[in-house]
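# Remarks on the overall topology
These are the residues of each chain, in order.
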Amino acid sequence: MASFRSRIFKGESHFDSRWTVLVVCITTALSYLVPKLARLATPNPQTVWPIWPGCAILVAGLLLVRMSVWPALIAVCFVAFGLSDLQAGVSTRAIAWFIPGNTLEVLTAALGLRYCFHGVPRLSGVRALAKYSLFAVILAPLAGSFLSAHGIGPGYWASWRIAFFSEVLAFATVTPFLLSWITDGRALMRKSSAFHLEGLILITGLVLLSYVTFTSPQNQSSPALLFSLVPFLLWSALRFGWLGVSTSMIIVSCVSSWAALYGTGPFSHLMPFTNPVSLQLFLVFAAVPFMVLAALSDEREEAAHAVRESEARFRLVANTAPVMIWMSGTNRLCSYVNQPWLEFTGRPLEAELGNGWTEGVHKEDLQHCLETFSRAFDQRQSCALEYRLRRKDGEYRWILDTAVPRFNSNGSLAGYIGSCLDITDRKLAEGALASVGRRLIEAQEQERAWIARELHDDIAQRIALLSVELGRRDDQDFGSMVEVHTFLQLVRQRIFELGKDIQALSHRLHSSKLEYLGLVTAAKGFCRELSEQSKVQIEFKDSDIPAAIPKEISVCLYRVLQEALQNAVKHSTDQNFRVELRGTKEGISLSVSDSGVGFDWHQAMNGRGLGLVSMRERLRLVSGELSIQSAPGRGTTVLASVLLKDEDRSLAVAG
C-alpha cells in the first residue's frame, strides 16, 4: 500500500497550482456543455448516444491537477452531469445508477493512469499505449458499465454493451485528444506554417469525406465507401500521431452518429437510435489499428530523434576534440572525418571520403598502412600504426593512428572508428634524446680517455722518472752535503708539482672548495687556477651572493662556469675574460664574456659538441635558463640565471 501511494503521488511536483482553478473551471464547463450539446442535436429524447464523453473529460482534468483537488473536481463535475441529465429528461433513478458507475469508472482510470505514468500521460509508444488501454479503455469502462447499465434500458446486457462501448470510444478518442493538446499543443503551434496547412487540409478533407460517406441515402450507399476513410486515418496517424488519430476519430464518430440519428448512411437501419452497438463496434475497430499505428509511429520518431541527437552530440564532441577522428563502414571506405582532420589536411570533406584520404599518406608508408588496416578488418581487431600524413602546408607529419571496430547491437560489424595524434614532436624528441644519449656516452669515454692520458702520459711518467732518478742516485755517492741538499730540493719540488697537478685534476672532477667554502670562493679559485695554467687574464666580480645556496644550484652554476670559461679560453683566441656572479631578489645570475672571434651558437647547439647542450640541460634541472649572445667576430657572452624558490631564499637569508 505504501508503494502504491508513493507511485500515485510521485508526479505531484509537476503540477502548477496556478493553473488548478483554470483546469477545474474548464473541466466543469465541458462536463456540462458537451453532453448538453450532444442531446440538443438529438431529435428523439430516448436516443442513446454511441459515445459518452463526460467521464473521459473528467479523467483528463483529474490527471492535470493534484490529488488533493480530486474530491472537489469530481463532485462539481457530477453536479454538472446531473443537471445536464435532468434537463434532458433522464429519470432520477437512472441518474442514481449513473453516479456510482461513473465514480467507479473515473477513479479506476485516474488512479491507474497516475500509477503508471509520471505526470501527464504521453502515449508515445506501444508500452505507454498498453498501459493506457489497460486502465482507461478496458478496466474503467468494464467496471463502470456494470452499474451504469441499470440506468439505460430494460435489457441489462444490451444496456451493458451500450454503456461499455460508449465509454471505450470516449477514452480512446476524447481523453487522448485532450491530453495530446496539453502535452504537445505548444510544440505543435511552433511547427511551420506548411505543417499547419497540412493539418487543416487533413481535417477539411476528412470532414467532407465523412459527410459524403455517412449521409448518402441507404439505397445508394455502399459498404466499400467506408474504406475511403482509411487513407485519411493513415495520414493522421503517420504524420500527426496520437493527436491526429484522436482528432480524426472524433470527427468520424460525430459525423457518423449524427447521420445515423437522422436516418442516413450505412447505419440508418438503427433508427430508432436506441441500440447503437453496431456503430460502436465499427468505430472501435476503426480506431484500434490506427491507435497502434500512431504509437508505433511516435515510438519510431522518438528513436530516430534520439539517434539524431546522439549523432549531433558525437559530431559536436568529435569536431571539438583535440585529435583527428575518422570512421569507416563495412566496405572499408572512409565515411566520416572530423573538423580537426580537415583543418590539418586543408582539403574539403568530399576529397577525404572513400579512399581520398590515402592521397595525403607518404608513398613510403602507404602500402604498410593499407595492409595493416586490411588485416585488422579481416580479424575484427584493433590496430595502431604510425605513418606520415601531409599537412596543408605540404610538410609530412608523423601520425599515430589507433583504430577500433564498431559493432551493431546484434554483434555484426558496423565499421571502424579511429583517432589520430600528431607525434612528430615526440619523434623528434626521441631522436634528440637518442642523440644526446649517444653523445653523453661518447663524452664519458672521452673524459675517461683524458683522465687516462693525464695519469699515464704525465703523472705516471713523471713519477716513473722520479723513481728512476732516485734509483740512480742510490748507486752514486754524493760528493758533499751540498749535493745532497740540492738533490732533495729537486725531489721536493717535483713532488710538489705532482701534488699540485693531481689536485688540479681532482678539482676538475670535484671541487672540495665548492662543497666547504661556497660558490664564490670556488669560482674565484677556479678562475685563478685557469688563469695561471692558461696564461690569460680573467677578471672575476661578485655581488650580493647569498651565503647559503642550495647544493644543486651551486654545483650547476660552477659546472656552467667551468664549461663556459674553458670553451672561451680554448676557442675565443682572446686573452682577457670577464666573469661576474650577481645576486638579485629573484635569484642568481652568472655571466662569462670575452671579445674574441665569436661563433654561430645556433649551429653549435645542433652540432656534435656537448658543451652548450650540457649547460642548458643542467640549468633546466634547476629551473634555470641559458642565454647566449654571440656572432662571428663580435665576441661571446654566456648568461646563466637561476631563480631561487621561496624556501631557497629563506635558507639563504638564514645562512
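Now for a quick tour of the structure. None of the values given here were measured: they were computed from a predicted structure. (Residues numbered from 1 in each chain as written. Predicted model: local features only at pLDDT ≥ 70, side-chain atom pairs only at ≥ 80, totals over all residues. Heavy atoms only, no water.)

## Observations regarding the packing of aromatic side chains
Two numbers describe a pair of aromatic rings. These are the distance of the centres and the angle of the planes. Heads up, the condition is: Any pair of Phe, Tyr and Trp rings, taking the six-membered ring for Trp, is counted once the centres come within 6.5 Å. Such a pair is stacked with planes under 30 degrees apart, edge-to-face with planes over 60 apart, and tilted for the rest. Going along the chain from the N terminus, every DSSP run of H or I of four or more residues is numbered as a helix, and every run of E of two or more is numbered as a strand. Type-normalised accessible area, obtained with a 1.4 Å probe on protein chains alone, sets the label of each residue: buried when under 20%, exposed when over 50%, and partly exposed for intermediate values. Throughout this description, the term charge over a ring refers to an Arg CZ or Lys NZ atom that lies within 6 Å of the ring centre and within 35 degrees of the ring normal.
Applying the stated criterion across every chain, the model contains 16 aromatic pairs. On the numbers, 5.1 Å between centres and 5° between planes, the contact of W160 with F164 is stacked. Of the two residues, W160 and F164 both sit in helix α7 (residues 156-189), 4 residues apart, roughly one turn of that helix. In this structure W160 comes out as buried when scored by relative accessible area, which is 13%. What makes F164 buried here is its relative accessible area of 14%. With a centroid separation of 5.9 Å and an interplanar angle of 50°, the aromatic rings of F314 and Y336 are classed as tilted. Taken as a pair, F314 in helix α10 (residues 277-320) and Y336 in strand β2 (residues 334-337) lie far apart in primary sequence, 22 residues in all. The class of F314 is partly exposed, set by a relative accessible area of 30%. One aromatic cluster in this structure is built from F146, Y156, W157, W160, F164 and F165. When the ring centre of W398 is taken as reference, the NZ or CZ atom of K427 above it lies at 4.6 Å.

## What to know about the sheet that holds strand β9 (residues 624-630)
To be explicit about the condition: Here, any two strands with at least 2 DSSP bridges between them count as paired. Helix axes are fitted only over the stretch in contact, all axes being lines through C-alpha atoms; the angle between N-to-C directions runs from 0 to 180 degrees. Contacts are residue-level and defined by heavy atoms, with any inter-residue pair within 4.5 Å sufficient.
Spatial strand order, β6-β7-β8-β10-β9: 5 strands in an open sheet with mixed pairing. Whereas interior strands pair on both sides, the edge strands pair on one side only; in this sheet they are β6 (537-543) and β9. Here the strands of the sheet are splayed against their neighbours by 10° on average, with no regard to which way each runs. As defined by bridge partners, strand β8 (residues 587-594) adjoins strand β10 (residues 636-643) across 8 bridges and the pair is classed as antiparallel. From the neighbouring strand, D594 faces β10, where its bridge partner is T636. Here helix α18 (residues 551-571) sits on the sheet in contact with β6, β7 (576-583), β8 and β10, set at roughly 10° to β8.

## Some remarks on the packing of helix α5 (residues 92-116) against helix α6 (residues 126-148)
Heads up, the condition is: In these notes the angle categories are as follows: under 35 degrees is roughly parallel, over 145 is roughly antiparallel, 65 to 115 is roughly perpendicular, and the rest is oblique. Each crossing is labelled by how the near helix is turned from the far one, with a counterclockwise turn of less than a right angle marking it left-handed and a clockwise turn marking it right-handed. Three categories are distinguished: nonpolar for Ala, Val, Leu, Ile, Met, Phe, Trp, Tyr, Cys and Pro, charged for Asp, Glu, Lys and Arg, and polar for the others, with Gly belonging to the last.
Contact geometry of α5 with α6 gives a least axis separation of 8 Å together with a crossing angle of 165°. Relative to α6, α5 is oriented roughly antiparallel. Where α5 crosses over α6, the handedness of that crossing is right-handed. Each of W97, F98, P100, G101, N102, L104, E105, T108, A109, G112, L113 and C116 in α5 lies in contact with α6, whose residues at this interface are K131, Y132, F135, A136, L139, A140, P141, A143, G144, L147 and S148. Residues that form the contact of α5 with α6 fall into these classes: 15 nonpolar, 6 polar and 2 charged.

## A look at the state of the cysteines
Short version of the rule: Criterion for a disulfide: a pair of cysteine sulfur atoms within 2.5 Å.
Per the counting criterion, the structure on display carries 0 disulfides. The cysteine C420 is free of any disulfide, with C369 supplying the nearest cysteine sulfur at 8.9 Å. The class of C420 is buried, set by a relative accessible area of 2%.

## Things to note about the nonpolar core
Here is the rule we go by: Here, the term nonpolar core denotes a set of buried Ala, Val, Leu, Ile, Met, Phe, Trp, Tyr and Cys residues that are joined through side-chain atoms within 4.5 Å.
Core analysis: the biggest nonpolar cluster contains 78 residues, and L58, L62, L113, Y132, F171 and F214 have the highest contact counts within it. At the level of elements, α3 (54-62), α4 (70-87), α5, α6, α7, α8 (193-215), α9 (230-261) and α10 are the ones that each hand at least two residues to this core. Sort the elements by how many residues they give to this core and α9 lands first, with 13 residues. Beyond its immediate sequence surroundings of up to four residues, Y132 is in contact with L113, F117, L123, V137, F171, T175 and P176.

## Comments concerning a nonpolar patch on the surface
The criterion, for reference: Here a patch means residues that are over 30% exposed by relative accessible area and free of salt bridges, tied together within 9 Å if like-charged and within 5 Å if nonpolar (Val, Leu, Ile, Met, Phe, Trp, Tyr). The Shrake-Rupley method, run with a 1.4 Å probe sphere, supplies the accessible areas, and residue values consider only the shown protein chains as cover. One side-chain nitrogen of Lys or Arg within 4 Å of one carboxyl oxygen of Asp or Glu is enough to make a salt bridge.
Nonpolar side chains collect at one region of the surface, where L134, I138, L139, L142, F146 and W157 lie side by side and expose about 530 Å² of accessible area between them. Looking at which element gives the most residues to the nonpolar patch, the answer is α6, with 5 residues. With respect to the helices and strands, the residue L139 is situated in helix α6.

## Looking at the pairing of β2
Bridge count between strand β1 (residues 324-328) and β2: 3 bridges; the pairing is antiparallel. In the strand pairing of β2, S328 is matched with C334. Hairpin connection between β1 and β2: a loop of 5 residues separates the two successive antiparallel strands, and R332 in this loop has a positive phi of roughly 70°.

## Considering empty space enclosed by the protein
Filter applied, for reference: Using a 1 Å grid laid over the protein atoms alone, points where a 1.4 Å probe fits but cannot get out form a cavity; open sets with protein on both sides within 12 Å along at least 5 of 7 lines form a pocket; any residue with an atom within 4 Å of a point counts as lining. Grid points are joined across faces, edges and corners, and a volume is the space filled by probe spheres set on the points.
All told, the structure shown has 2 cavities of 30 Å³ or more when counted by the stated rule. Taken as a whole, the largest cavity holds about 50 Å³ of empty space. Along the walls of the largest cavity sit F78, F81, G82, D85, I95, F98, I99 and N102, which together make up its complete lining. Of all the elements in the fold, those that place two or more residues in the lining of the largest cavity are α4 and α5. Considering only residue class, the lining of the largest cavity consists of 5 nonpolar, 2 polar and 1 charged.

## Here's the deal with the packing of α6 against α7
Relative to each other, α6 and α7 sit at 150°, their axes nearing to 8 Å. Judged by the angle between their axes, α6 and α7 are roughly antiparallel. Considering only the axes of α6 and α7, their crossing is right-handed. Contacts from Y132, A136, V137, I138, P141, L142, S145 and F146 of α6 reach α7 at Y156, W157, W160, A163, F164, E167, V168, F171, A172, T175 and P176. Along the lines of polarity and charge, the residues of the contact of α6 with α7 split into 16 nonpolar, 2 polar and 1 charged.

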